[in-house]
Amino acid sequence: MEKIELPAIEENFETLMNFLEERVDQSGLNAENLMLLKIAFEEIIINVIHYAYGEGGGPICVLVDFLEDPKRLFIEVRDHGISFNPLERADPDIHVPAEERNIGGLGIFMTKKIMDSVTYRREDGMNILTMIEGITEE
Amino acid sequence: MSLTIDSQQHENNVVVIAVGGEVTFENSDQFREKIDQLCEQGKYRLVIDLAGLQYMSSAGMGVLVHGLKKARAKEGDLRLINLSDKMRRVFLITQFTHHFTVLPNIEEAIKSFSTSDESSR
């Protein structure tokens, strides 16, 4: 398992995205699924950067691993911020006309649709979001 | 993460905005500002060319909806061309394919606006 821990600030966004990209590029996921994975990951880390901490700030920790039988990618995002389960946010109504659409909540909705599994737990004062994506050999 | 945005004026008062590279939360404001700038100039017939797009997160999708709302409020529209298979999947997840007019290329997109002119006569 590989891990990165940094202050949860916008300046570290690119480093966090690169950390994931470098690990999943050779994972066997096709280009389409890699992009979807990046979208899901971006939503989760932005959520932590923007909402986990107040002015004092705090760390964000990302863990990436590859699991076997069946082959799948494991991503965990942890923070020590206020207790918050982003998965509880109501899904946006994607059927209303575009002119009436509220874009809020779209990112988490996309994450739930993209990943095979997204779960949240509060443990030891941490918000822990775990994402699993199956890898199909092509 | 690089983002390139180039706009070009075409006939029928249509402006084509070619978006290339990656649209993330970090740079999506540049894209939004471009759309706002064009709307301020009275350009409400916008075509977004996604041929060079490698990646777009929900931040970019938000900009597209923002532009669509602005354009339609002034009897214009924001239409999309060169949607790749991978972006099409994102659009299907979000049901954006139902909201945006997606056309295969610039020629078709420009023609689609002239057809709107005729139907509004």
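Residues numbered from 1 in each chain as written. Chains lettered and ligands numbered in written order. Predicted model: local features only at pLDDT ≥ 70, side-chain atom pairs only at ≥ 80, totals over all residues. Heavy atoms only, no water.

1. A short note on the overall build of chain B
Along chain B, the regular secondary structure elements total four helices and six strands. Reading the helices (α) and strands (β) of chain B from amino to carboxyl end gives β-β-α-β-β-α-β-α-β-α. For a compact globule of 121 residues, the expected C-alpha radius of gyration is about 14 Å, and chain B comes in at 13 Å, within 12% of that figure. When the backbone C-alpha atoms are referred to their principal axes, chain B occupies close to 45 × 30 × 20 Å. Of all 121 residues assigned to chain B, the portion counted as buried reaches 53%. A sequence separation of at least 24 residues applies to 66% of the contacts in chain B between residues at least 6 apart. (Helix = DSSP H or I, 4+ residues; strand = E, 2+ residues; numbered from the N terminus. Rg over C-alpha atoms; globule rule 2.2 N^0.38 Å. Buried < 20%, exposed > 50% of the residue type's maximum accessible area, 1.4 Å probe, protein only. Contact = heavy atoms within 4.5 Å.)

2. Quick word on the overall build of chain A
Across its full length, chain A holds three helices and five strands. Along the chain direction, N to C, the helices and strands of chain A fall in the order β-α-α-β-β-α-β-β. Computed over the C-alpha atoms, the radius of gyration of chain A is 15 Å, within 12% of the 14 Å expected from 2.2 N^0.38 for a compact globule of 138 residues. Overall size of chain A, expressed as C-alpha extent along the three principal axes, is 40 × 40 × 25 Å. For chain A, the proportion of its 138 residues judged to be buried stands at 51%. Nonlocal contacts in chain A, meaning residues at least 24 apart in sequence, comprise 64% of its contacts between residues at least 6 apart. Put simply, chain A shows about 6800 Å² of open surface, and 47% of that area lies on carbon and sulfur atoms. On chain A, the mean spot of the 12 positive side-chain charges and the mean spot of the 28 negative ones are 4 Å from each other. (Areas by Shrake-Rupley, 256 points an atom, 1.4 Å probe, with all protein chains shown as cover. Lys, Arg positive; Asp, Glu negative; His and termini not counted. Charge placed at Lys NZ, Arg CZ, Asp CG, Glu CD.)

3. Some remarks on helix α3 (residues 85-94) of chain B
All of the buried residues in α3 of chain B are Lys86, Met87, Val90, Phe91, Ile93 and Thr94 of chain B. Across the axial projection of α3 of chain B, the buried residues extend over an arc of 160°, all falling on one side. Summarising the geometry of α3 of chain B, the exposed residues directed more than 90 degrees from the buried face are Asp85 and Leu92 of chain B. Contacts made by the buried residues of α3 of chain B are with α2 (31-51) and α3 (106-114) of chain A together with β4 (53-56), α2 (58-73) and β5 (77-81) of chain B. (Arc of directions from axis to C-beta.)

4. Quick word on the interface of chain B and chain A
Chain B puts 26 residues into the contact, and the matching count from chain A is 31 residues. Put simply, Glu32 of chain A and Arg89 of chain B hold a salt bridge, and the shortest N to O gap is 2.7 Å. Linking chain B to chain A there are nine residue pairs in polar contact (both at pLDDT 80 or more). Taken together, the elements giving at least two residues each to the side of chain B that touches chain A come down to β4, α2 and α3 of chain B. Here the residues of the side of chain B that touches chain A sort into 11 nonpolar, eight polar and seven charged. (Salt bridge = Lys/Arg side-chain N within 4 Å of Asp/Glu carboxyl O. Polar contact = N/O pair within 3.5 Å; in protein donor to acceptor, adjacent residues only side chain to side chain. Nonpolar A, V, L, I, M, F, W, Y, C, P; charged D, E, K, R; others polar.)

5. A few points about the environment of Gly134 of chain A
As for its position among the elements, Gly134 of chain A is in strand β5 (residues 126-134). Once the C-alpha coordinates of Gly134 of chain A and Phe74 of chain A are considered, the two residues, 60 residues apart in sequence, prove to be 8.9 Å apart.

6. Some points on the confidence of the model for chain B
In the predicted model, chain B carries a mean pLDDT of 91, and the fraction of residues at 70 or more is 94%. Here helix α4 (residues 106-119) of chain B is the element of chain B with the lowest mean pLDDT, 82, and strand β3 (residues 45-49) of chain B is the one with the highest, 97. (pLDDT = per-residue confidence, 0-100.)

7. A short note on unusual backbone geometry
All names here are of chain A. Residue Pro70 is bonded to the preceding Asp69 through a cis peptide linkage, with omega at -5°. Structurally, Pro70 is set in the loop between β2 (59-67) and β3 (72-79). Residue Asp69 is not a glycine yet carries a positive backbone phi of 50°. With respect to the helices and strands, the residue Asp69 is situated in the loop between β2 and β3. Accessibility expressed as a relative area gives 73% for Asp69, which makes it exposed.

8. Focus: the sheet that holds β5 of chain A
All names here are of chain A. The strand order across the open sheet formed by five strands is β1-β2-β3-β5-β4, and the pairing between neighbours is antiparallel. At either margin of the open sheet sits one strand with a lone partner, and together these are β1 (2-7) and β4 (117-123). Pairs of neighbouring strands in the sheet enclose a mean axial angle of 15°, with direction left out of account. Pairing of β1 with β2, which is carried by six bridges, proceeds in the antiparallel orientation. Its bridge partner being in β2, Pro7 is matched across the sheet by Pro59. Sitting on the sheet, α2 is in contact with β2, β3 and β5, with an inclination near 10° to β3. (Pairing = 2+ DSSP bridges. Axes fitted to C-alpha atoms, helices over the stretch in contact; angles between N-to-C directions.)

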